[in-house]
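Overview (structure and organization)
Listed below, chain by chain, are the residues.
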Amino acid sequence: MGVLQWFVDLGASVLLPILIFIFALVLGTKPGRALRAAIIVGIGFIGINLVIGLLVDSLGPAAQAMVDNFGFQLNTIDVGWPAAAAISYGTSLGSLAIPLGVGVNILLLTFGLTKTLNVDIWNFWHVAFTGSLVYALTSDFWLGILTIIVHLMLLYLMADVLAKYIERFYGFQNITFPHGTSAPSAFVAIPMNWVFDRIPGFNKLEADPESIQKRLGILGDSTIIGVLIGILIGILAGYNVQGILQLAIQTGAVMVLLPRMVALLMEGLIPVSEAAGEFVKKRFPGRDLYIGMDSALAIGHPAVLSSALLLIPITIFLAVLLPGNSVLPFADLASIPFLICLMVPIFRGNIVRTVIGGTIYIAVGLYIATWVAPLFTQAAIASNFDMGANASISSLIDGAVWTTFIFVWIPKVISWIGMITLGVIILLGLIYQNKIKPKRQESKEEREDESLEGKEA
């Protein structure tokens, strides 16, 4: 565990290139090309984090000013995902999430029950989070371990299902996101989109960035949209003219720089993705292999950023207006892109649908974050987290995610039987997705070929 912790402490920007380099060599990539790809990935990841840092540093104070400006008072503070991750890995149970994550992934890959090879090791904190909450709730160490394992299985199932949406919308081949915050929202967006498609008039509304730019010209440009939203947030925060203009340029800069940093990271991943495709094609005909990555790759899309910036003031007002909510959104407001980035492919880049869907999703999420706050606080105390003057803490990431509710509610109400049952259901889902469904698709294609040959004859 000491050696493993040393590697984790290197940080994602160092650990990820090391894993990519090893992975590329295993796939048969030449050492020189593998080394360059790994370094470019690391540089791209640093670039993404620098831009996200700019977003956090500019929007964090604006959000606080907005809260102060309107005099909002709520008794549970959103401490943000860095605190949630520190709390998750700070417990004795949470520290086991990484070896469990790697072990479950290898086991599922070996038996052909997932197509996702997850190199995003740092983000195993999401499953450590639910495991730590269950441990805080039940004091049952092994039930916490089972929660981590079942949560991992669910994320690999989600990643396998979402890969086609990610490739179709973002153009990322052989890449998926087994991300504990981002993946669950897509499965809420799917039924929402079904409803949106059946609302007369609304189903004809085209509101993706390209359509908006065609209609509005320069005002529809993603950079200009970022500047305008920055002005709106600055006004709501009560900034003076200087502060509003500075925030506007900063949000515009994020809209320009983040997609370019993602493109740089993708430059490093493309050779590895191609090698993975060739490797699987030669040795496992008919199977695919997806590289599991951080969903930070997806948040640079203009539809994601525009929707997320609009959702920041909406989230703050939701927190105050919703009866029974006690969570004051703060530290995770700048992380809203991670909450919605996999809703966007389901909504086909439609910003209006994403804002409406995101508003509903976050509204429900605030109640989940309120419900889980006592356990969140208890887990923070157990991990010796410094809560300052706050008596109650929670977060939007992962406190407001529906999987957190499921994985905490089941042990609370049904205990071991419920978690085992859920694990069996997810295992059956993995079997269907990776064993039964491909065979059915293959049989369907064969029947279509035979039918076509019969017609030609």
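This write-up is about the structure you can find in this document. For every chain, the first residue of the written sequence is number 1, and numbering continues from 1 along that sequence. It should be noted that, the model being predicted, local features are given only for residues of pLDDT at least 70 and side-chain atom pairs only at 80 or more, the latter also being counted only at that level, while totals for whole chains, interfaces and linings use all residues. As a rule here, side-chain values cover all heavy atoms of the structure and leave hydrogens and water aside.

1. A look at the overall build of the protein chain
Within the protein chain, the regular secondary structure consists of 16 helices and 6 strands. We take the radius of gyration over the C-alpha atoms and set the globule estimate at 2.2 Å times the residue count to the 0.38 power. For 457 residues, the compact-globule formula gives about 23 Å, and the C-alpha radius of gyration of the protein chain, at 22 Å, lands near that figure. The principal-axis extent of the C-alpha atoms belonging to the protein chain is close to 70 × 60 × 50 Å. Each residue is placed in one exposure class: buried if its accessible area under a 1.4 Å probe, protein chains only, is under 20% of its type's maximum, exposed if it is over 50%, and partly exposed if it falls in between. Classification of the 457 residues of the protein chain by burial places 55% in the buried group. Throughout, a contact is declared for two residues whenever any of their heavy atoms are within 4.5 Å. Partitioning the intrachain contacts of the protein chain with sequence separation of at least 6 by distance along the chain shows that 81% fall at a separation of at least 24. Calculation of accessible area relied on Shrake-Rupley with a 1.4 Å probe; when residues are assessed, cover is drawn exclusively from the protein chains displayed. Put simply, the protein chain shows about 19700 Å² of open surface, and 65% of that area lies on carbon and sulfur atoms. Only four residue types enter the charge count: Lys and Arg as positive, Asp and Glu as negative, with His and the chain ends excluded. Taken as the charge centre is NZ of Lys, CZ of Arg, CG of Asp or CD of Glu, depending on the residue. Here the protein chain contributes 25 positively and 29 negatively charged side chains, and the mean placements of these two sets differ by 7 Å. Helix and strand definitions follow DSSP, with helices as H or I runs of at least four residues and strands as E runs of at least two, each counted in order from the N terminus.

2. Notes on the sheet that holds strand β5 (residues 327–328)
Between any two strands, at least two bridges found by DSSP are needed for them to pair. As summarised here, the arrangement of the 3 strands in space is β5-β1-β6, forming an open sheet in which the pairing is parallel. Looking at which strands have only one partner, the edges of the open sheet turn out to be β5 and β6 (393–394). As judged from the 2 bridges shared by strand β1 (residues 76–78) and β5, these two strands associate in the parallel manner. By the bridge assignment, Thr-76 is partnered in β5 with Val-327.

3. Some words on the packing of aromatic side chains
Classification of ring pairs uses Phe, Tyr and Trp, with its six-membered ring standing for Trp, and accepts pairs whose centres are within 6.5 Å; under 30 degrees between planes counts as stacked, over 60 as edge-to-face, and the remaining range as tilted. One pass over the full model with this rule turns up 12 aromatic pairs. For the ring pair Trp-125 and Phe-129, a centre distance of 6.3 Å and an interplane angle of 80° mean the geometry is edge-to-face. With Trp-125 and Phe-129 both in helix α6 (residues 125–138), this residue pair falls 4 residues apart, about one helical turn. Among the aromatic side chains, those forming a connected cluster through ring pairs are Trp-81, Trp-125, Phe-129 and Phe-376.

4. Section: the sheet that holds strand β3 (residues 175–176)
One key point about sheets: their strands pair by backbone hydrogen bonds, in either a parallel or an antiparallel sense. Spatially, 3 strands are ordered β2-β4-β3 in an open sheet, and the strand pairing comes out parallel. The open sheet has two edge strands, β2 (116–118) and β3, and neither has a second partner. Two elements, β2 and strand β4 (residues 290–292), share 3 bridges in a ladder whose sense is parallel. Across the sheet, the residue bridging to Leu-117 is Ile-291, located in β4.

5. Quick word on the nonpolar core
The biggest cluster of nonpolar side chains holds 148 residues, and the ones touching the most others in it are Phe-124, Tyr-170, Phe-172, Phe-177, Leu-269, Met-293 and Leu-342. In terms of residue count, helix α7 (residues 141–170) provides more of this core than any other element does, 16 residues in total. Excluding its chain neighbours within four sequence positions, the residues that come into contact with Phe-177 are Ala-159, Ile-166, Phe-172, Ala-183, Met-293, Asp-294, Ser-295, Leu-297, Ala-298 and Leu-342. Only buried residues count toward a nonpolar core. Its members are Ala, Val, Leu, Ile, Met, Phe, Trp, Tyr and Cys residues joined through side-chain atoms within 4.5 Å.

6. Examining the packing of helix α3 (residues 31–70) against helix α12 (residues 302–321)
Axis angle and axis distance: for two packed helices, these are the angle between their axes and the distance between the axes, and together they describe the pair. Look at α3 against α12: their axes get within 11 Å of each other, and the N-to-C directions meet at 30°. Accordingly, the angle class assigned to the pair α3 and α12 is roughly parallel. The hand of the α3/α12 crossing is right-handed. On α12, the residues touching Leu-55, Leu-59, Ala-63, Met-66, Val-67 and Phe-70 of α3 are Leu-309, Ile-312, Pro-313, Ile-316 and Phe-317. To define axes, lines are fitted to C-alpha atoms, for helices over the stretch in contact only, and angles between the resulting N-to-C directions are given on a 0 to 180 degree scale. Roughly parallel refers to an angle under 35 degrees, roughly antiparallel to one over 145, roughly perpendicular to one between 65 and 115, and oblique to any angle outside these ranges. In this scheme, a crossing is called left-handed if the near helix is turned counterclockwise away from the far one by less than a right angle; it is called right-handed if the turn is clockwise.

7. Considerations on unusual backbone geometry
Working note: non-glycine residues mostly have negative phi, and peptide bonds are mostly trans. The amide bond that connects Ile-397 to the next residue, Asp-398, takes the cis arrangement and shows omega of 5°. Tracing the backbone through its elements, the reader meets Asp-398 in the loop between β6 and α15 (402–413). Even without being a glycine, Asn-174 presents a positive backbone phi close to 60°. Residue placement: Asn-174 occurs in the loop between α7 and β3. Positioned with a positive phi, Arg-348 is a non-glycine residue whose angle comes to about 55°. Within the secondary structure, Arg-348 sits in the loop between α13 (336–340) and α14 (351–382).

8. Quick look at the packing of α6 against α7
Their axes nearest at 8 Å, the elements α6 and α7 cross at an angle of 150°. Taken together, α6 and α7 sit at an angle that is classed as roughly antiparallel. The element α6 and its partner α7 pack so that their crossing is right-handed. Contacts between α6 and α7 involve His-126, Val-127, Ala-128, Thr-130, Gly-131, Val-134, Tyr-135 and Thr-138 from the first element and Phe-141, Leu-143, Gly-144, Thr-147, Ile-148, His-151, Leu-152 and Leu-155 from the second. Split into classes, the residues belonging to the contact of α6 with α7 amount to 9 nonpolar, 7 polar and no charged. Basically, the charged four are Asp, Glu, Lys and Arg, the nonpolar ten are Ala, Val, Leu, Ile, Met, Phe, Trp, Tyr, Cys and Pro, and anything else, Gly included, counts as polar.

9. Thoughts on α14
At Ala-373, α14 shows its largest bend, some 50°, and a proline, Pro-374, comes one to four positions later. Throughout this description, a polar contact denotes any pair of N or O atoms lying within 3.5 Å of each other; where both atoms belong to protein, one of them has to be capable of donating a hydrogen while the other can accept it, and for residues adjacent in sequence the pair is counted only when both atoms sit in side chains. For α14, the side-chain oxygen to backbone nitrogen distance between the N-cap and Val-352 is 3.0 Å, and the N-cap itself is Asn-350. Looking at the residues trailing α14, positive phi occurs at Asn-384, about 60°. Throughout, the bend at a residue refers to the angle made by two axes, fitted to the seven residues ending there and to the seven starting there.

10. Topic: the side chain of Asn-105
As for its position among the elements, Asn-105 is in helix α5 (residues 97–110). Judged by relative accessible area, which is 3%, Asn-105 ranks as buried. If we ignore the near neighbours within four places in the chain, the residues touching Asn-105 are Thr-114, Thr-116, Leu-117, Asn-118 and Tyr-156.

11. Brief notes about the pattern of salt bridges
Note on definitions: salt bridges are taken to be side-chain nitrogens of Lys or Arg within 4 Å of carboxyl oxygens of Asp or Glu. Counted according to the given criterion, the structure contains 3 salt bridges. In this structure, the salt-bridge partner of Glu-267 is Arg-36, at a minimum N-O distance of 3.3 Å. With Glu-267 in helix α11 (residues 241–283) and Arg-36 in helix α3, this pair connects stretches of sequence that are 231 residues apart. Across the pair Asp-197 and Arg-348 runs a salt bridge, and its minimum N-O distance is 3.2 Å. Of this pair, Asp-197 sits in the loop between α8 (182–196) and α9 (209–216) while Arg-348 sits in the loop between α13 and α14; the two residues are 151 residues apart in sequence, bridging distant segments of the chain. It is possible to trace a salt-bridge network through shared partners that takes in Asp-197, Arg-348 and Arg-353.

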